[in-house]
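Observations on the three-dimensional arrangement
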Amino acid sequence: MQILDIITKKKLGQPLTREEITFFARGAADKTIPDYQLAALLMAIRLNGMTAQETTDLTLAMRDSGDVCDLSAIPGKKIDKHSTGGVGDTTTLILAPLVAACGVPVAKMSGRGLGHTGGTLDKLESIPGLSVEETEERFIRQVQEIGLAVIGQTAALAPADKTLYALRDVTSTVDSLPLIAASIMSKKLASGADGIVLDVKTGSGALMETLPDALALAQTMVDIGKLAVAVITSMAQPLGTHIGNALEVKDAIDVLAGRTQGDLLEISLLLGSHMLVLAEKVKTLPEARAMLENALSSGAGLRKLAEMIAAQGGDPRVVEDLSLLPQAAVKRVMRAEMAGYLSAMDTTALGMAAQRMGAGRAKKSDMLDYSVGYVLHVRLGDEVTEDTLLATLYARNEAEAEEAEKAIRKALTIAKEKPQTPKLWDAVVTAEGITYNR
């Protein structure tokens, strides 16, 4: 079997056999297929798609390209959560400690930034000393001891995905339904969770911009995962107000400390509620939300985050002293300079603005600056005047702050008419069907 023949076949829009897909996945895992040929096949898949059977075969081949984690030594149902990626999406750092504080073990393997979206691992690594690289043995022991761990996938877990994930980021093949579904579900199936809550984004900052596309991805993943629940949530604007690695950690801590409310908290409680129900901790979503709100108001969630930080070598004092997070050299304020209503956001452009400041990667070898990014002070539908503070920028130098301000201004639309604000979530997808948020 030759990889060139497989590339040609997919280039012509023909379905690949299970054997061809397994050959491709193994070649990605053991590096016997060079990056340039893997990239060519990824682009052919992006342009011509895959059938449902091909997508399932790719998912299972990527899962089986390495070890499958056995979490049976951890008591109780282990529930994972995964987002398809967004801007200002810091839900993991909020809901994982809250769910763990409610007695449900959270054994989570996360990813790094991809395209215009931020990565949970990059955010965690902005905490001084914290390590996301753990062996499977230490990972399991940590969840046994404190009920929570968030780490990167080990080298032996779905190694095909590790190779392809990095290549997708730098070859403009991120936004492919079968590649997204296979990437997410291969890792989740290999990580050994008993249930998965999927946060599938839709809107201007999502990989799937339209609701039909988001539903198609959600249904594909639920069909593959069987034990999954998918929630379609809005990415018409950044979920949180802070964009940038250390800034998003601050945002999460502020939420857990009870200082901040809003969309980020609401979606965290929604997803966390589904996790508690899936774990059979409670029977209904209202019961689950009440339990999470108690963990929030009592401070148990914030204490659990501090426990996890300490367990992974980080400085737990950061939850009480935010000045311990990396600090940018330049601070710049940005005002509206016109009156009206904030009517639209190009959320992808807002994510790219943070990436160009140094918060994300344009290529695999790029080093991140954890301190940079910005805080948005306005939401869709807000009325603004010329003096309204739109954003506070944190940059490495004045030139990059100036470039970021131009990009952010271009991404924000101020109009005379007040817009209709988008729903926070549109639908929940399970194996039984779709429930819409009417």
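Residues numbered from 1 in each chain as written. Predicted model: local features only at pLDDT ≥ 70, side-chain atom pairs only at ≥ 80, totals over all residues. Heavy atoms only, no water.

1. Focus on the nonpolar core
Soluble, globular proteins show a tendency: their nonpolar side chains are buried together. Selection criterion: Nine residue types can take part in a nonpolar core, namely buried Ala, Val, Leu, Ile, Met, Phe, Trp, Tyr and Cys, and a core is a set of them joined through side-chain atoms within 4.5 Å. Here the term buried applies to any residue with accessible area under 20% of the maximum for its type, exposed to any over 50%, and partly exposed to those in between, with areas from a 1.4 Å probe on protein chains only. Helix and strand labels come from DSSP, where a helix needs a run of H or I of at least four residues and a strand needs a run of E of at least two; each type is numbered from the N terminus. We call two residues in contact when some of their heavy atoms are within 4.5 Å.
Of all hydrophobic cores here, the largest spans 85 residues; its most connected members are Tyr374 and Ile408. Element by element, the count of residues in this core is highest for helix 12 (residues 263-278), at eight residues. Excluding anything up to four places from it in sequence, Ile408 contacts Met334, Leu350, Ala353, Tyr374, Leu376 and Leu393.

2. Let's talk about the sheet that holds strand 8 (residues 340-345)
The criterion, for reference: At least two bridges found by DSSP between two strands is the condition for calling them paired. Throughout, an axis means a line fitted to C-alpha atoms (over the contacting stretch in the case of helices), and angles, computed between N-to-C directions, take values from 0 to 180 degrees.
One open sheet holds the three strands; their spatial order is 10-8-12, and the pairing between them is antiparallel. Taken across any chain shown, the strands that pair with only one partner, and hence form the sheet edges, are strand 10 (383-384) and strand 12 (412-415). In the sheet, strand 8 pairs with strand 12 via four bridges, with the strands oriented antiparallel. Bridge assignment links Tyr341 to a residue of strand 12, and that residue is Ala415. Packing of helix 16 (residues 398-411) onto the sheet brings it into contact with strand 8 and strand 12, and relative to strand 12 it is tilted by some 50 degrees.

3. Focus on empty space enclosed by the protein
To locate leftover empty space, one rolls a probe as large as a water molecule over the atoms. What counts here: Only protein atoms enter the 1 Å grid, on which a cavity is a set of points fitting a 1.4 Å probe that cannot get out and a pocket is an open set with protein on both sides within 12 Å along at least 5 of 7 lines, lining residues being those with an atom within 4 Å of a point. Grid points are joined across faces, edges and corners, and a volume is the space filled by probe spheres set on the points. Under the convention adopted here, Pro, Cys and the residues Ala, Val, Leu, Ile, Met, Phe, Trp and Tyr are nonpolar, Asp, Glu, Lys and Arg are charged, and Gly plus all remaining residues are polar.
For the coordinates displayed, the defined rule picks out five cavities of 30 Å³ or more. Each pocket or cavity is described by its volume, and for the largest cavity that value is around 330 Å³. Lining the largest cavity are 26 residues, and of these His82, Ser83, Thr84, Gly85 and Tyr165 lie nearest its centre. If you list the elements that add at least two residues to the lining of the largest cavity, you get strand 1 (79-83), strand 2 (106-110), helix 6 (120-124), helix 8 (159-170) and helix 9 (177-190). Each residue belonging to the lining of the largest cavity can be placed in one class, and the counts come to six nonpolar, 13 polar and seven charged.

4. Concerning the pattern of salt bridges
The line we're drawing: Here a salt bridge means any side-chain nitrogen of Lys or Arg lying within 4 Å of a carboxyl oxygen belonging to Asp or Glu.
In this structure the tally under the stated criterion is 29 salt bridges. Between Glu54 and Lys10 there is a salt bridge; the shortest N-O distance is 3.0 Å. Here the residue Glu54 occupies a position in helix 4 (residues 52-63), and Lys10 occupies one in helix 1 (residues 3-11), the gap between them amounting to 44 residues. For the salt bridge of Lys187 with Asp161, the shortest nitrogen-to-oxygen distance reads 3.5 Å. Placement of the pair is Lys187 in helix 9 and Asp161 in helix 8, with a sequence separation of 26 residues. We note that Lys187, like Asp161, is buried. Salt bridges linked by common partners bring Arg332, Glu337, Glu398, Glu402, Glu405 and Arg409 together as one network.

5. A short note on the side chain of Gln37
Here Gln37 is to be found in helix 3 (residues 35-48). Classification of Gln37 as buried rests on a relative accessible area of 18%. Contacts of Gln37, omitting those with residues within four sequence positions, involve Ile3 and Ile7.

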